[in-house]
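# Structural overview for review
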Amino acid sequence: MSAQIIDGKQIASDVRAEVAQKVAALKEKGINPCLAVILVGENPASVSYVTGKQKALAEAGMTDKSVHLPESTTEEELLALIEKLNADKTVHGILVQLPLPKHINEDRVIMAIDPKKDVDGFHPVNVGNMMIGRKAYLPCTPNGVTVLLKKMNIETSGKHCVIIGRSNIVGKPLAILMSQRSINSTVTICHTGTKNMAEITKQADILVAAAGHAGTVTADMVKPGAVVIDVGVNRIPDSSKKSGFRLVGDCDYETVKETASYITPVPGGVGPMTIAMLMVNTLEAAMTIEGVQA
C-alpha cells in the first residue's frame, strides 16, 4: 500500500491563515509586524526564495522592508545596514538570505543581528536558548518538520527518529527539537562518517532526509511503515521542463512511498512550511518587541 502523502502546502496555508488573523488583530492595536529580508547578489535560488517570502508577507498583511543589494556590497556595508535595522523600531524581524557572496563572512553577519530580531533562529543566543529549552526563535525548517508531524497526528513520543545530515540549519537543530520532552523521540544522527547507514535508517520510525543529495534514501533503507520526511531540494536536469530542470528531494520518492506509511513530497512538503514558520517567528518578534499579545 502506498504511503499517505503529507500535504505541506495545505498545512502551511492553514498556519499562514492563523498568522494573518493575528496580524489583523495587532494592526487594530496600531502595531504593524515588519520583516526586512536582505538579499546580496543575484543567486537564482536565493532570488526565488526571497520572492516567496515577500509573497507570504503580503498575504499575511505584514510590512515588507526587504533590501536587495548588489553582489559587490562589502561586508562593512552589510554590517552597517544590519546595525541600522537593529535600531529601527518599526522593524521586528531581520533575515539575511544565505548563502552570501564569498567575500562576506556569514558568521559575522549572523552575529550582528539583534537576537530579538533574529527570525531565522541562527544567532548563537537563540540556538543556545533552544538547546536548553528556553523561549527562542526556532529555525524555520526544523520547526516546520515538527509542526507537520503534529498536524498529521503522528506519534513521536518514544519513537526512534533518524536524521540524515548534521547541518546547523536542519540536522543539528532538528535533533534537539525531536529529543525535547514535548516531542520525546529518541534521536540518531547519520552523516558522511556513518558506517552501515542503511542498518541504522532501517531502525527508524521517523526518517528525516536532510543530506542535500538526490537519491540518498532508497526503499531498501526504509523500515516498512516508517514516516519519511524529505527536507532535500535538489535541481536535476529535465529537458521536458521549460526551466530545463526539476526539483527532487533526497529520497527516491517513487520507490520509498511504497514502503513508508507517510511521506512528504518535493516540492510541496517541507518547503512551504519553512516560509510559514518564518511568518510565525516574525509575528512572535512583533509581539515580543511591542510587549503585546495578538
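Preceding block: the structure.
Note that the coordinates shown come from a computational prediction; the quantities given were computed from them, not determined experimentally.

## Topic: the overall build of the protein chain
Helices and strands together make up the secondary structure of the protein chain, namely 10 helices and 12 strands. In summary, the protein chain has a C-alpha radius of gyration of 19 Å against a globular reference of 19 Å for 294 residues, a match within 12%. Referenced to the eigenvectors of the C-alpha coordinate spread, the extents of the protein chain come out at roughly 55 × 40 × 35 Å. Here the protein chain holds 294 residues, and 47% of them are scored as buried. Partitioning the contacts of the protein chain with sequence separation of at least 6, the portion at a separation of at least 24 is 71%. A total accessible area of about 14200 Å² is found for the protein chain, and carbon and sulfur atoms account for 53% of it. Here the protein chain holds 30 positive side-chain charges and 30 negative ones, and the gap between their average locations is 3 Å.

## So, the sheet that holds strand β7 (residues 186-190)
With parallel pairing, the 6 strands of this open sheet are ordered in space as β1-β12-β9-β8-β6-β7. Looking at which strands have only one partner, the edges of the open sheet turn out to be β1 (4-5) and β7.

## Notes on helix α5 (residues 124-131)
Along α5, the residues that are buried comprise N126, N129 and M130. Buried residues of α5, viewed axially, fall in a sector of 100°; they line one side. Summarising the contacts, the buried residues of α5 are in contact with α7 (171-179). Once α5 ends, the next one or two residues include G133, with phi positive near 80°.

## Examining the side chain of Q97
Mapped onto the secondary structure, Q97 falls in the loop between β5 (93-96) and α4 (106-112). Using a relative accessible area of 6% as the deciding quantity, one classes Q97 as buried. A distance of 2.6 Å separates the side chain of Q97 from the side chain of K53, its partner in a polar contact. Setting aside residues up to four positions removed in sequence, Q97 forms contacts with I38, L39, S46, Y49, V50 and K53.

## Thoughts on a nonpolar patch on the surface
A contiguous nonpolar surface patch, about 260 Å² in accessible area, is contributed by Y49, V233 and L247. Positionally, L247 belongs in strand β11 (residues 245-248).

## What about the environment of P139?
Among the structural elements, P139 can be located in the loop between α5 and α6 (140-151). Between the alpha carbons of P139 and D250 there is a distance of 20 Å; along the sequence they are 111 residues apart.

## A look at unusual backbone geometry
Note the cis peptide between L98 and P99, where omega equals 0°. The topology assignment puts P99 in the loop between β5 and α4. Of note in this structure, N153 is not a glycine but carries a positive phi near 55°. Structurally, N153 is set in the loop between α6 and β6 (160-164).

## Examining the environment of M152
With respect to the helices, strands and loops of the structure, M152 is situated in the loop between α6 and β6. Residues M152 and Y262, 110 residues apart in the sequence, show an inter-C-alpha distance of 9.4 Å.

## Some details on the nonpolar core
In terms of nonpolar packing, the biggest core is built from 50 residues, with L35, M62, V208, I229, V231, M273 and M279 touching the most fellow members. In this view, I229 contacts I6, V145, L149, L207, V208, A209, T264 and V270; residues no more than four positions away in its chain are not counted. Core analysis: the next-biggest nonpolar cluster, separate from the first, contains 20 residues, L81, I104, I110 and F122 among them.

## A closer look at the packing of α6 against α7
Running from N to C, α6 and α7 point in directions that differ by 40°, and their axes come no closer than 9 Å. Relative to α7, α6 is oriented so that their crossing is right-handed. Taking contact as the criterion, the partners of P142, N143, V145, T146 and L149 in α6 are, on α7, P173, L174, L177 and M178.

The rules behind these values
- Residues numbered from 1 in each chain as written.
- Predicted model: local features only at pLDDT ≥ 70, side-chain atom pairs only at ≥ 80, totals over all residues.
- Heavy atoms only, no water.
- Helix = DSSP H or I, 4+ residues; strand = E, 2+ residues; numbered from the N terminus.
- Rg over C-alpha atoms; globule rule 2.2 N^0.38 Å.
- Buried < 20%, exposed > 50% of the residue type's maximum accessible area, 1.4 Å probe, protein only.
- Contact = heavy atoms within 4.5 Å.
- Areas by Shrake-Rupley, 256 points an atom, 1.4 Å probe, with all protein chains shown as cover.
- Lys, Arg positive; Asp, Glu negative; His and termini not counted.
- Charge placed at Lys NZ, Arg CZ, Asp CG, Glu CD.
- Pairing = 2+ DSSP bridges.
- Arc of directions from axis to C-beta.
- Polar contact = N/O pair within 3.5 Å; in protein donor to acceptor, adjacent residues only side chain to side chain.
- Patch = residues over 30% accessible without salt bridge, like charges linked within 9 Å, V, L, I, M, F, W, Y side chains within 5 Å.
- Salt bridge = Lys/Arg side-chain N within 4 Å of Asp/Glu carboxyl O.
- Core = buried A, V, L, I, M, F, W, Y, C linked by side-chain atoms within 4.5 Å.
- Axes fitted to C-alpha atoms, helices over the stretch in contact; angles between N-to-C directions.
- Left-handed = near helix turned anticlockwise from the far one by under 90°.

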